[in-house]
Amino acid sequence: MAFSLFNMGLAISTGQSSTSAQLFIFRSLDRAIESLKHNLAQIFSNVSYFQPPKLDLNARTNGRDGVVHCHSLPDIVAIVRDHCRSKTQDWFSDDKECNDKGDHQAVFSVVDTMLRNSLERLKSMRDNLSFVKIDVTQCTVDVNYPRDVAIIKDLCAWGKLAAAFWMRKKLTEKGWILDVHIHNHIVNGLCKAGHLEKVDFLIREMLEIGPSPNCATFNTYIKGYCLKSNLDKALFLFSDMATYGVRPNRVTINILLDALCKRGLLEDANKLLVAILNDNEDSSSSSITSTILMDGCIKNGDMAQAVEIWKTLIQKNTQLDIIAYNVFIHGLSLMQDMRLAYCYICEMFKKGFLPDIFTYNILLSGLCKEKKYEEACYIHIVMSRMGVPLDMMSYKIVIQGLCLHGDVAKAHGYLDCMLKKLMVPEPLVWNLIIEGYGRIGYILSAYSVRDKMVSFGVVPNVFTYNALIHAHIKAEIFFGVHSLRKEMQFHDTFPDVVTYNLMIGGATNSRQFDLALELYDEMLRRGYEPDIITYTELIRCHCMRGNMRLADEYFTKLQKSGLPMDHIPFQILIKKYCEMGELNKAFSIYVLWLSTVKMV
């Protein structure tokens, strides 16, 4: 019965039509009545232990065998009545509470009690159904404030903001005044969705009719503008908090401090930090705020300022946590001072902090930048022994380092370890290994990795095809580029500037000059702007064809493009003019090269 009531409430709350809701309720009531009838029948059955005599409607009564033989309904009723009376008398034959007339008060007392209990159950069922109000045109549900508030919170968490606003409106129409915590959930959902103009409207409504916004409301709103990179509006709201009698807390300061650091406004962030550290607040809060500023300094390349902040924290005996150590160690790894980084990791152990996955990933990244790949692989083994679960980033850092080092086979081994642990990496990791095999001329191995990539459900992207095209050009097998180009078109993968540069260079190397120029025209039609590599390949193409007029023309376009120039175009032209015996032209380009280098 409780399940039926739940389903009935659910049908109404989900917005079913009035007619269907009415039918649902009537069916539920009908089932309840049938249940009550069944219970009453069971009661009488238990009391009387009535077993109906066998009736044979096709025969007459036979007194010897005790079987009833009759045709008329009155005879059947009389026999059943006599049978019940005899059974009852036998049951209570020794009962002292029975009077001489054969009345059995105990039986009827029991029946009366059971009937009362059943009626009480029916009344309770009616009360449970009373929250449902059925009208001729619509079906509505009375407000259950705790339930509806929980639903609003869940809707905001799921991003169903329109439904949350609808429920808020219904509660308001019923006369309920939602507290500030419910409004904060709605504000948070709107900020995450980027609807800051709706947040502004909601907060103005709160200021006018209540409830008044608190610090958490403004913190969420300020963070929303910081995520939108609108720091001016965030600072305006910060200054506006005092107008409404709301005092900012440490969370407010941390949000603004993080936004200032991301904008590179370290001086303003430092002033804010100094003002905070002068307040009488707990040490852990100061550690969080200082860590934010220290991280901002490191990301902006101001490691000296980060060191000063660290020294200040040590001097003030501030309680540091593992996040502060990770940030500082990350700065040291960026400075490629791994010796000092190891020292602070040892200090972490002394203070009872165990390095986490972020600490080890910082070490791996720093070691790979210093080209200490063997040591990075050793740290990888140490992580497994220490029980630190390796994540995608741990494998990615080592694989990238090994591929740059040229040890593609070992990098491939780490990829297989990931797949054995059911960790399917992103396309970038696959592309690194494919490019590594292509760089050393192992085309079959590159295609093998690509096929395995597809078998694990990872779709090849333009970088995958660029790596394969580069492998073919490196091996001077240009006919394979045509099949890759068709495959890209079949999978709706559009080439980029790098793709065209590779194909133009490959066509030039195979002396297919017309194809190289066709690829360049196709590149322009697709809206791509040529870069320094494109112009260099075109200059080389025309020099190999002996068409120096067009080569000089593209060299002039390169000079006017404003692109940063390297030495390769100058060398190609100088070498060609020297081969042609035009030394004066070669010397003038050499002088231009020197002047260009001085300007840079």
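Residues numbered from 1 in each chain as written. Predicted model: local features only at pLDDT ≥ 70, side-chain atom pairs only at ≥ 80, totals over all residues. Heavy atoms only, no water.

- The name given to the protein in an unreviewed UniProt entry is Pentatricopeptide repeat-containing protein, with the source organism recorded as Erythroxylum novogranatense.

Digging into helix H8 (residues 196–209)
Spacing of three or four residues puts side chains on the same side of an α-helix, whose turn is 3.6 residues.
1) Next: With 14 residues, H8 ought to run about 20 Å at 1.5 Å a step, and its terminal C-alpha atoms sit 20 Å apart, in line with that.
2) Next: Along H8, the positions that sit buried rather than exposed are Leu-196, Val-199, Leu-202, Ile-203 and Met-206. The buried side chains of H8 occupy one side of the element, clustering within an arc of 110 degrees when seen end-on. Of the exposed residues in H8, the ones pointing more than 90 degrees away from its buried face are Glu-197, Phe-201, Arg-204, Glu-208 and Ile-209.
3) Next: Its buried side turned inward, H8 meets helix H6 (161–173), helix H7 (180–193) and helix H9 (215–227).
4) Next: Residue Gly-210 follows H8 closely and has a positive phi angle near 95 degrees. (Helix = DSSP H or I, 4+ residues; strand = E, 2+ residues; numbered from the N terminus. Expected span 1.5 Å × (residues − 1). Buried < 20%, exposed > 50% of the residue type's maximum accessible area, 1.4 Å probe, protein only. Arc of directions from axis to C-beta. Contact = heavy atoms within 4.5 Å.)

Considerations on unusual backbone geometry
1) Next: Unlike most non-glycine residues, Gln-336 shows phi in positive territory, near 60 degrees.
2) Next: Despite not being glycine, Asp-492 shows a phi value in the positive range, around 55 degrees.
3) Next: Take Asp-492: it is sitting in the loop between helix H24 (479–490) and helix H25 (497–509).

Considerations on the confidence of the model for the protein
1) Next: Mean pLDDT over the protein works out to 76, with 71% of the residues at or above the 70 mark.
2) Next: The low-confidence segment residues 47–71 (pLDDT under 50) makes 39 contacts with residues lying over four places distant or belonging to another chain.
3) Next: Low pLDDT (under 50) marks residues 128–142, which in the prediction has 28 contacts with non-local residues, meaning those over four places away or in another chain. (pLDDT = per-residue confidence, 0-100.)

Remarks on helix H19 (residues 392–405)
1) Next: The terminal C-alpha atoms of H19 lie 20 Å apart, and with 14 residues this matches the ideal 20 Å at 1.5 Å per residue to within 8%.
2) Next: Listing the buried residues of H19 in full gives Ser-394, Tyr-395, Lys-396, Ile-397, Val-398, Ile-399, Gly-401, Leu-402 and Cys-403.
3) Next: Residues of H19 that are buried sit in contact with helix H17 (357–369), helix H18 (373–385), helix H20 (408–420) and helix H21 (427–439).

With respect to the packing of aromatic side chains
1) Next: Counted under the stated rule, the structure contains 15 aromatic pairs.
2) Next: Centroid distance Tyr-395 to Tyr-414: 6.5 Å. Interplanar angle 65 degrees. Geometry classified as edge-to-face. Residue Tyr-395 is found in helix H19, and its partner Tyr-414 is found in helix H20; the two are separated by 19 residues along the sequence.
3) Next: Classification of Tyr-395 as buried rests on a relative accessible area of 2%.
4) Next: With 6.0 Å between their ring centres and 50 degrees between their planes, Tyr-500 and Tyr-528 make a pair best called tilted. With Tyr-500 in helix H25 and Tyr-528 in the loop between helix H26 (513–525) and helix H27 (532–545), this pair connects stretches of sequence that are 28 residues apart.
5) Next: Residue class for Tyr-500 comes out buried when judged on its relative accessible area of 0%. (Phe/Tyr/Trp six-rings, centres within 6.5 Å; stacked < 30°, edge-to-face > 60°.)

Some details on the pattern of salt bridges
Think of it this way: side chains of opposite charge can pair up when their charged atoms draw near.
1) Next: On inspection of all chains with the given rule, the structure shows 15 salt bridges.
2) Next: Here Lys-396 and Glu-426 are joined by a salt bridge, their closest N and O atoms 3.3 Å apart. Taken together, the positions of Lys-396 in helix H19 and Glu-426 in the loop between H20 and H21 put the pair 30 residues apart, joining distant regions of the chain.
3) Next: Connected through salt bridges with shared partners, the residues Arg-450, Asp-451 and Glu-487 form a single ionic network. (Salt bridge = Lys/Arg side-chain N within 4 Å of Asp/Glu carboxyl O.)

A look at the nonpolar core
1) Next: Counting 108 residues, the largest nonpolar core has Ile-399 and Leu-573 as its most contacted members.
2) Next: Here Leu-573 is in contact with Ile-539, Cys-543, Met-548, Ala-551, Asp-552, Phe-555 and Ile-589, once residues within four sequence places are set aside. (Core = buried A, V, L, I, M, F, W, Y, C linked by side-chain atoms within 4.5 Å.)

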